[in-house]
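# Structural overview
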Amino acid sequence: MIYGFEPEFIVGLFILVAGTVATAFPRPKNYTTRLINLEIPGFGLLLIMLSYNEALALFTFGAISVLSTFIFVRVIQKREATA
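Residues numbered from 1 in each chain as written. Predicted model: local features only at pLDDT ≥ 70, side-chain atom pairs only at ≥ 80, totals over all residues. Heavy atoms only, no water.

Right, let's talk about the overall build of the chain for a bit. Across its full length, the chain carries 4 helices and 0 strands. Secondary structure elements of the chain, listed N to C terminal, follow the sequence α-α-α-α. Over its C-alpha atoms the chain spans a radius of gyration of 15 Å, topping by over 25% the 12 Å that the globule rule assigns to 83 residues. Taken over the C-alpha atoms alone, the chain extends approximately 50 × 25 × 10 Å along its principal axes. A total of 83 residues make up the chain; the buried ones form 29% of that total. Long-range pairs, those at least 24 residues apart, make up 54% of the contacts in the chain between residues at least 6 apart in sequence. In the chain, 6 side chains carry a positive charge and 5 a negative one; their mean positions are 23 Å apart. (Helix = DSSP H or I, 4+ residues; strand = E, 2+ residues; numbered from the N terminus. Rg over C-alpha atoms; globule rule 2.2 N^0.38 Å. Buried < 20%, exposed > 50% of the residue type's maximum accessible area, 1.4 Å probe, protein only. Contact = heavy atoms within 4.5 Å. Lys, Arg positive; Asp, Glu negative; His and termini not counted. Charge placed at Lys NZ, Arg CZ, Asp CG, Glu CD.)

Quick look at the structure:
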């Protein structure tokens, strides 16, 4: 335990913040890079939930991955339709 928290929780928070920054400010500004970077915060959230319960971690990771990918693909389709 580090400062009263599990190591998975601390590493998960770091990955969640780093992944969020990588998604918000990608190096090559294209949609594929942002879509790939969406998986990084999802994995950080998985580690955070893993410090609480394995089933909760699995369900949360599945839901976040599916929803974020679906929403982002819809945004890409709408932007390409208007361009």
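All right, on to the packing of helix α3 (residues 39-50) against helix α4 (residues 54-82) then. For the pair α3 and α4, interaxial distance at closest approach is 8 Å and the crossing angle is 165°. With respect to α4, the element α3 is oriented roughly antiparallel. The crossing of α3 and α4 is right-handed. Residue-level contacts link Glu39, Gly42, Phe43, Leu45, Leu46, Met49 and Leu50 of α3 to Glu54, Leu56, Ala57, Leu58, Thr60, Phe61, Ile64, Ser65 and Thr69 of α4. (Axes fitted to C-alpha atoms, helices over the stretch in contact; angles between N-to-C directions. Parallel < 35°, antiparallel > 145°, perpendicular 65-115°, else oblique. Left-handed = near helix turned anticlockwise from the far one by under 90°.)

Counted by the stated rule, this structure contains 2 aromatic pairs. Look at Phe9 and Tyr52: their rings are 6.3 Å apart centre to centre, the planes differ by 80°, and that puts the pair in the edge-to-face class. Remark: Tyr52 occurs in the loop between α3 and α4 and Phe9 occurs in helix α1 (residues 7-24); sequence separation between them is 43 residues. Judged by its relative accessible area of 58%, Tyr52 is exposed. An aromatic cluster is defined as three or more aromatic residues linked by ring pairs; in this entry it consists of Phe5, Phe9 and Tyr52. (Phe/Tyr/Trp six-rings, centres within 6.5 Å; stacked < 30°, edge-to-face > 60°.)

Here we take up α4. The end-to-end C-alpha separation of α4 is 43 Å, in line with the 42 Å expected for 29 residues at 1.5 Å each. At its buried positions, α4 is contacted by α2 (31-37) and α3. (Expected span 1.5 Å × (residues − 1).)

We now examine a nonpolar patch on the surface. Where nonpolar side chains cluster on the molecular surface, the patch consists of Ile2, Tyr3, Phe5 and Ile10 and spans about 450 Å² of accessible area. Secondary-structure assignment places Tyr3 in the segment before α1. (Patch = residues over 30% accessible without salt bridge, like charges linked within 9 Å, V, L, I, M, F, W, Y side chains within 5 Å. Areas by Shrake-Rupley, 256 points an atom, 1.4 Å probe, with all protein chains shown as cover. Salt bridge = Lys/Arg side-chain N within 4 Å of Asp/Glu carboxyl O.)

So, to be careful, I would describe these as geometric facts and stop short of saying anything about function.
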